[in-house]
Each structure stands twice: as C-alpha cells, then as structure tokens.
Amino acid sequence: MSPLLSPSLLAGDHANLAASAQVVADTGLAWIHLDIMDGHFVPNLSFGPETLAALRRAGNKLFFDTHLMLAEPHRYIEPFAKAGANLISIHIEPAYDHAGTLAEIRRLGCQCGIVLNPGTPATAIEAVLPLVDLVLVMTVQPGFGGQPFRRDMLPKLKQIDTWRQERALGFRLEVDGGIDLATAAECRAAGADTFVAGTSFFRAKDKAAFAATVAKF
Ligand code: DX5
Ligand code: ZN
C-alpha cells in the first residue's frame, strides 16, 4: 500500500490550529491526524468536535484522520462525523460494543479504524480486522506528544501485516508515537504504510523534504 504521512495537529500551535493545519495542506499532504483526549482514557485533554467543525469552516479540506482516545468513544461518533471527520479510529481497550461502534462510524459515512495501546496484544483486535479500514498500532503510550518510539512494537506490526496478507484484507496499517524519518523507515520495513508524525513534522525545517522522503518509502 502506498505510504501516507499524517501529521498530528497536537504538535501544532494550539492558539492557531487553523494555521498549523494549513501548513500541512501547503506541504501538499492529503491527511492530518487529530488527537482527541478526554482526561480519562488518557491523562491529558486536547480538543473536541467543535475544533474539527471550525477547521472545516476555515476552509480546510484535508482528510481528517481522527484518533479518539476516549473512555466512552461510542458516545461521540455522531458529533465527530457531523463535524467533518473522514476516518474515526477507536481504541479496543475500553469495554463497549466495538463492532457496533465501527458499524455506526460506517453508517455515518466515515471510514473506521481500530487502535491498540503498546500493552495490548495483536490478538485483541483479530476479530474486528475484517470490519476496519485502518489499524493503528500505538508506538508510545497515548496521551502526550514527543515521547520516544517503542521499538518493541515492531513484532506486533509484522504480525498484523502477516494477517492482512494471509486473509487478503485491505486495511491501512498506521503507526503513531515517536515517529520520525528513521523510526518510520523501521515501521515501513515491518509493514506499516501510514505514519503519524507530530513533533518531528512540525519541527522539521524542510517539511516538503520530510514529506517527499516518506512518499518514496
Ligand atoms: C499520542 C498521540 C499522538 C501524538 C504523536 O497520544 O496519539 O498522535 O500526537 O506525537 P509525536 O509524533 O510527537 O510522538
Ligand atoms: Zn494519535
């Protein structure tokens, strides 16, 4: 699957998120990663559906790759879909109707993804693999940008990529946390095709070169 870079707006300027999102668009990228945190599932807060709606009102046309880090994601699907999300990813760890929530995301016209934390084994998502457009393997414990990449997640990526091939499934395989050009290359070798980069992207002086390198993976 062709490589995609999805810069995380969490590392943008929170006093001017529209301008930071525009930087992503001006780099010629198609996707932007939106990290939604509730202070329960993760020990941090970020932004909500109104922020997505405001970015759309400001004219942003990027593909909104929306990562819900919520204890009760099933309660917030409709607001995010209405606000302009294109893809909504939900974590496997909290107890709720995962398959039903993935179906609701689809019914509302969005693509759907399933996410696993570093401590969650690949087998936890095996049953929902046929239901998703994307699997997101967290390569840090979610909650904060700027953490070091967890190299011990590479075998998990390989396992999920193997299942994808054996079962002829078409989901994207995304990584998130501590991703820079070097760690993205390692993840690419392990089967990943979609790369979330917050700190490394927004700090990169030459963002076009950063994007071009990922595009050639
Ligand atoms: C972590 C978030 C990430 C975060 C990545 O909780 O899910 O998307 O923004 O940030 P970096 O790329 O700085 O590790
Ligand atoms: Zn994320």
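Quantities reported herein were computed from a predicted structural model and do not represent experimental measurements.

## Describing the site of ligand 1
- Taken together, 20 residues lie near ligand 1, and Asp35, Gly143, Asp176, Gly198 and Thr199 sit nearest.
- Residue Gly198 places a main-chain N or O atom 2.8 Å away from an oxygen atom belonging to ligand 1.
- A distance of 2.4 Å separates an oxygen atom of ligand 1 from a polar atom in the side chain of Thr199.
- Protein burial of ligand 1: of its 380 Å² of free accessible surface, 98% is covered by the chains.
- Listing elements by their share of the shell around ligand 1, those giving two or more residues are β2 (31-37), β3 (63-69) and β8 (194-197).
- With 3 residues, β2 is the single largest residue contributor to the shell around ligand 1.

## A word on the coordination of the zinc ion (ligand 2)
- The protein atoms donating to the zinc ion (ligand 2) are His33 (NE2), Asp35 (OD), His67 (ND1) and Asp176 (OD), with metal-donor distances spanning 2.0 to 2.3 Å.
- Positions of the donor residues of the zinc ion (ligand 2), expressed as sequence spacing, correspond to H-x1-D-x31-H-x108-D. Here His67 lies in strand β3 and Asp35 lies in strand β2, a separation of 32 residues in the sequence. With respect to burial, Asp35 and His67 carry one shared label: buried.

## Observations regarding the sheet that holds β8
- The parallel open sheet is built from 8 strands, whose spatial order is β1-β8-β7-β6-β5-β4-β3-β2. Looking at strand neighbours, the two that pair on one side only are β1 (4-7) and β2, the edges of this open sheet. Within this sheet the neighbouring strands show an average axis-to-axis angle of 25°, counted without direction.
- In the sheet, β3 pairs with strand β4 (residues 87-91) via 4 bridges, with the strands oriented parallel. If you follow Leu68 over to β4, its bridge partner there is Ile90.
- Contacts from helix α2 (residues 49-57) reach β2 and β3 within the one sheet, and its direction differs from that of β3 by about 170°.

## Description of the pairing of β8
- Side chains Thr194 and Val196 project from β8 onto one buried face, and the interleaved Phe195 and Ala197 project onto a second face that is buried too.
- With 4 bridges joining them, β1 and β8 adopt parallel strand pairing. Each residue of the ladder has a partner; that of Leu4, found in β8, is Thr194.
- The parallel pair strand β7 (residues 172-176) and β8 is bridged by helix α6 (residues 181-189), and the resulting crossover is right-handed.

Rules used throughout
Per chain, residues are indexed from 1 in the order of the written sequence. Throughout, the order in which chains and ligands are written sets their labels, letters from A for the former and numbers from 1 for the latter. Reporting in this predicted model follows two pLDDT cut-offs: at least 70 for local features of residues, and 80 or more for side-chain atom pairs to be given and counted; totals over whole chains, interfaces and linings ignore these cut-offs and use all residues. Remark: hydrogens and water are excluded; side-chain values derive from all non-hydrogen atoms of the structure. Put simply, a residue is near a molecule or strand once any heavy atom of it comes within 4 Å of that molecule or strand. Residues adjacent in sequence count toward polar contacts only when both atoms are side-chain atoms; beyond that, a polar contact is any pair of N or O atoms within 3.5 Å, and within protein one must be able to donate a hydrogen and the other to accept it. Only the protein chains shown count as cover for residues, with accessible areas throughout obtained via the Shrake-Rupley method and a probe of 1.4 Å. Per the convention used, a helix needs a DSSP run of H or I reaching at least four residues, while a strand needs a run of E reaching at least two, with both numbered from the N terminus. Each metal's donors are the N, O and S atoms within 2.8 Å of it, or within 3.2 Å when it is Na, K or Ca, and because water is not part of the set, sites may look incomplete. Exposed residues in this analysis have more than 50% of their type's maximum accessible area, buried residues have under 20%, and partly exposed residues fall in between, with area computed by a 1.4 Å probe over protein chains only. Only strands joined by at least two bridges in the DSSP assignment are considered to pair. Lines fitted to C-alpha atoms define the axes, with helix axes restricted to the stretch in contact, and inter-axis angles between N-to-C directions lie between 0 and 180 degrees. Residues count as neighbours in contact if any of their non-hydrogen atoms are within 4.5 Å of one another. Seen with the strands pointing away from the viewer, any crossover whose path from the first strand over the helix to the second strand runs clockwise is right-handed.

Geometric values such as these leave the question of function open.
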